[in-house]
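# Structural description and commentary
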Amino acid sequence: MSLLDHSALELLALLQSNQVRAEQVVTESLSRIEQLDPPIGSFLHVNHDGALAAARDVDRRRHLGQPVGALAGLPVALKDLICTIDQPTTCASRMLANFRPPYDATVVARLRAADAILIGKTNLDEFAMGSSTESSALQRTRNPWNRDHVPGGSSGGSAACIASDLVPLALGTDTGGSIRQPAAFCGITGLKPTYGRVSRYGLIAFASSLDQIGPMCRSAADAALLLQATAGHDRHDSTSADVEVPDYLKAIAQPISGLRIGILRQQLDSDVDPEIHRAVTEATYVLKSLGALCQDIDLPHSQYGVATYYVIAPCEASSNLARYDGVHYGFRATQLTAAELTASESADLESEGPLVRMYRRTRETGFGAEVKRRIMLGTYALSAGYYDAYYLKAQRVRRLIRQDFDRAYQQVDALLGPVTPTPAFRFGEKSQDPLSMYLGDLFTVSANLAGLPGLSIPCGITVQGLPIGLHLQGPSFAEPTLLRLAHAFQQATDWHARRPPTS
Amino acid sequence: MTPPPTSTPPPVGAVRPYTVIVGLEVHVQLATHTKLFCRCPVKFGAPPNTQTCPVCIGLPGALPVLNETAYYLSVVTALALNCEIPAYTKWDRKNYYYPDLPKGYQISQFDLPMSCNGWLDLSDAQGRCSNRRIRIIRAHLEEDAGKSMHDEIAGRADTRIDLNRTGTPLLEIVSQPDLRSSAEAKAYLTELKLLLTYLGVSDCNMQEGSLRVDANVNLHIPVGSGTPEEIIETPIVEIKNMNSFRAVERALDFEVDRQYREWQATGKQKGEMPKQTRGWDDIHEVTKPQRSKEESSDYRYFPDPDLVPVTTTTDQLEAIRSTLKELPAALRLRLITDYGVTPYDADVIVNQGRTLADYFLAVADQCGDGKQACNWVTQEVLRSMKEGNLTIESFPIPSLELGRLIQSVQAGKLPRSRAKEVFGVMLEQILDLDTTLSRLGIQAVDSGALTDLGRELLAANPKVVADVQAGKEQAIGALVGQAKKSNPNVDPGVMRQILLDLIRQSAG
Ligand SMILES: [Zn+2]
């Protein structure tokens, strides 16, 4: 029995009633990371001393009867593209391998204000570009349920550390499914909030109009707790929503009877793994039995979601990643001596000059293949003569996708479907075939394109022993509805309580 | 393809056989305390890289937030330039690589600028150019880049980057190619700068880079004898690096001649070569080809997803319009119609800036005579300012005192002949009017006393009376001199008239 078998809410109650000290919780978390993480590889950086010091400070203040924050003493892991002033922030890229931001992201500042313990930084696909965490330039992360399989991505490290009970709470980011898909692959609960619900200030941008930070936890209740502490308007982020933050924990306690759920029949009946089809269908029976009203519904334009996404996201990325040029910070390629240059490089040197050559070599060696692929895609799509055919057209389709949702939410309160067409795949299975990797995002990208919330919760396990995710989506700022449905489901089932086999 | 012309260049002084086509892009630094998308100060001259933050140095994860004041100042300017302000404007990224551009893109405005389709009237009564309406294509807001300092450490081929300036708000005002000479270009810039300073939206300091000008210039050369006459356009050249209006004027003059000579030599027309950028070399007074620092001409503009579009309602615009300060052109008109000032003098006063114009207005309102006020301000005040190297802000004679001085002359309390002397003493010794008058012993002399004095003088000088009656009116001058000797406050003109009147009366 580990302290970390408890949910975040249970731990919080133990801490608040002085039955455990923050230092015990953090020590337990650190020792589990030390013992269990090496074969999994979720963490890129463990904030050992800082976390212990912060925990002792919480204990001291609690002992003195001084006020403490809403998450006082709870360890939280951060996907390593959220800026922390006291820890490296690498984006799992060579480009930022030694980068230490001089400032905290707004979510980090809010977590510190809530006295959460920032326990470390988790692995991801390089700059969050990927669906398996295989594109991390720094480390491989394995799926705790089967180490031959990927944890999903790009928030693979955060998903794996939650699934392994290393920490109770983690933050991920979701640009096209990067919270929900690894949550599904690792059998945990992951919420992508409405665009603008959580500040992006200090989140290193992949695709600014799609990126959103969200909680990754073991249950919807814990997700509600973490969302509560991080959501809200931020004047440093012009795109953050000035919309009141509801009481999520209060919301989840409401019964779901009478809530109308639209079943995304087309997604379910498409080329989805039969075990996923069965698990998702069974989940609808559970929700129906709890009083939810189900009907089939269609999002006709969502079939264009992947194509649209893979224009818009690379376009924005090509510009967002232009700053990594070796001039001001981060990686800079060393200049080769004349003898080390290939003949063609010598010729290039003649024509391009030392500055352009430094740019080229830095970006050539600093970025991995997937990042370079997307930068090239985006640069191409934004180029004169192609802009209208790609970027502009994609923006038009994006509006159509949003309209599909708006129409659907006139009829129902939430949409239900599978998170992914398949369970977690094996390493290398898709990394050589980018298109098949991209197509795996089919069910998740539309929510990002429409800026709407989506939630993934475990709803089954395949015969092979891999988790299956249930996708719940809702209209703008419907996080309370989604969490309420998820919580009701988790009260009625125990899929979220299943643990990977210990090896 | 037109063959190179065989004609020789026209002799110096001959009418130029072409029309000069100039359009100007003016970058104005708006007078905000902080940068366009962060809260860093924009004070000039701070040590390098001390006015920076994660946003303006483009650190990963940092996000821009619009400075509302900068947007407000740009709306004020655009309204004053008679621009349309669309209800919706957005921000775009202009992507290019350069070390002083830390994000790898500049936040600017591409296809939906915050204003468009305006104009600026040139009405130069001083005769430097004709009355012209110069159309303005657009004015848009953008952030400045940093500063690259090349080779500033002796013996090291380093470039150092100062990012203090990065993110400074600039309003780029783009004119139509409506300017037809370097003199017109200068007049446009002068009027634009005047307007900006009247509005208070910029300090327009060219040395500190708060006003920068790029010029696009080419020539329209009529060829052949057909009707309508066939026009050849020379390739457009963009001139950069001009750091004074005088430099703009000279660079344009040089470039016009250079283009004409080049056309004669090569016959190259617009479209036959890419747009060229040339830099003005102020020392050698030539333009030189410049490699554009923005290597690529494809900036891959797209809407900045980190910023939200700005919407402006008609009500908001009207509210801003109603607070607009009086513009130079309106003030000139007011001086002419309400104060009886000549167009030439109105130009002189208004072009000195709002403070001098206010000084004039106060003088004129005090003395009630616009023409006299104008004479004093455009002659004595401006001359004294120039000689003493003074600004109107530091001018020792307050406008009300000068107004009272003029009033005293009009009321006969101060002899016209001594008014400049009084002005001089007030200026030198920084005294008010009353103190100056009493120090100089100037008192009003009433006309009864003057008539008595005249009778005495005429009685004592019958020869003068006879001379005058014989038609030698100038003989009276001797008596005027005697009158001044007996009382220095005597106004010679007034005295002369009294004496002549007395002689006429006695004769009648
Ligand atoms: Zn700044």
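Residues numbered from 1 in each chain as written. Chains lettered and ligands numbered in written order. Predicted model: local features only at pLDDT ≥ 70, side-chain atom pairs only at ≥ 80, totals over all residues.

### Re the overall build of chain B
We count it as follows: Elements are defined by DSSP. Helices are runs of H or I of four residues or more, strands are runs of E of two residues or more, and each kind is numbered from the N terminus. Computation of the radius of gyration draws on C-alpha atoms alone. For the globule rule, the value is 2.2 Å times the number of residues to the power 0.38. Residue burial here comes from a neighbour count, namely the number of other C-beta atoms, placed from the backbone, that lie within 10 Å of the residue's own C-beta, with 20 or more meaning buried, 12 or fewer meaning exposed, and in between meaning partly exposed. Residues are treated as contacting if the C-beta atoms built from their backbones sit within 7 Å of each other.
Helix and strand counts for chain B come out as 15 helices and 16 strands. A compact globule built from 508 residues should have a C-alpha radius of gyration of about 23 Å, whereas chain B, at 31 Å, is more than 25% larger. Seen through its C-alpha atoms, chain B measures out along the principal axes to roughly 100 × 60 × 55 Å. Scored against the burial criterion, the 508 residues of chain B give a buried share of 37%. By sequence separation, contacts in chain B at least 24 residues apart represent 70% of the contacts at least 6 residues apart.

### Some details on the environment of Ser181 of chain B
All names here are of chain B. You can see Ser181 is positioned in the loop between strand E9 (169–175) and helix H2 (182–199). The partly exposed category is assigned to Ser181, around which 18 C-beta atoms lie within 10 Å. Separated by 68 residues in sequence, Ser181 and Glu249 have C-alpha atoms that sit 8.6 Å apart.

### As for the interface of chain A and chain B
Stated formally: Each residue receives one of three labels: charged for Asp, Glu, Lys and Arg, nonpolar for Ala, Val, Leu, Ile, Met, Phe, Trp, Tyr, Cys and Pro, and polar for the others, Gly being one of them.
Contacts between chain A and chain B engage 33 residues on the former and 25 residues on the latter. If you list the elements that add at least two residues to the side of chain A that touches chain B, you get helix H11 (305–320) and helix H13 (369–382) of chain A. Of all the elements, H11 of chain A adds the most residues to the side of chain A that touches chain B, at three residues. For the side of chain A that touches chain B, the residue count by class is 17 nonpolar, 10 polar and six charged.

### A look at the domain arrangement of chain A
Residue and element names in this part refer to chain A. Our working definition: How far each domain reaches was decided by an automatic or database domain assignment.
Taken domain by domain, chain A comprises domain 1 (3–257 + 472–481) and domain 2 (327–366). Look at where the C-alpha atoms of domain 1 and domain 2 centre, and you get two points 38 Å apart. On the side of domain 2, four residues touch domain 1, which itself brings five residues to the contact.

### Here we look at the domain arrangement of chain B
Assigned domains within chain B: domain 1 (19–213 + 301–314), domain 2 (326–439) and domain 3 (447–507). Computed over C-alpha atoms only, the centres of domain 1 of chain B and domain 3 of chain B are separated by 69 Å.

### Quick notes on helix H3 (residues 48–63) of chain A
Residues and elements named next belong to chain A. For clarity, the threshold we go by: The span you would expect from a helix comes to 1.5 Å times its residue count less one. The arc refers to the directions leading from the helix axis to the C-beta atoms.
Helix length check: H3 (16 residues) gives 23 Å between terminal C-alpha atoms against 22 Å at 1.5 Å per residue, within 8%. Every buried residue of H3 is accounted for by Ala51, Ala54, Ala55, Val58 and Asp59. The buried residues of H3 occupy an angular sector of 140° when projected down its axis, which confines them to one face. In H3, those exposed residues whose orientation departs by more than 90 degrees from the buried face are Asp49 and His63. At its buried positions, H3 is contacted by helix H2 (22–40), strand E2 (75–79) and strand E3 (117–122). Where H3 ends, the next residue or the one after it, Gly65, has phi of about 75°, a positive value.

### Quick word on the confidence of the model for chain B
Residues and elements named next belong to chain B. Note the following rule: Confidence of the prediction at every residue is given by pLDDT, a number between 0 and 100.
Summary statistics for chain B give a mean pLDDT of 90 and a share of 93% for residues scoring 70 or more. Low pLDDT, under 50, characterises residues 1–13; the stretch is placed with 14 contacts to residues that sit more than four places away or in other chains. Both confidence scores are given for the complex: pTM 0.91, ipTM 0.96.

### A closer look at the sheet that holds E3 of chain A
Residue and element names in this part refer to chain A. Where we set the bar: Note: two strands are recorded as paired if DSSP finds a minimum of 2 bridges between them. Note on method: axes are straight lines fitted to C-alpha atoms, helices fitted across the in-contact stretch only, with angles between N-to-C directions ranging 0 to 180 degrees.
One open sheet accounts for 11 strands, arranged E1-E3-E2-E4-E6-E5-E10-E11-E9-E7-E8; its pairing is mixed. Two strands in the sheet have a free side with no partner beyond their single neighbour: strand E1 (43–46) and strand E8 (293–297). The average undirected angle you get between the axes of adjacent strands in this sheet is 30°. Bridge count for strand E9 (residues 414–418) against strand E11 (residues 467–473) is four bridges, and the pairing is antiparallel. Of the residues in E11, the one forming a bridge with Gly417 is His471.

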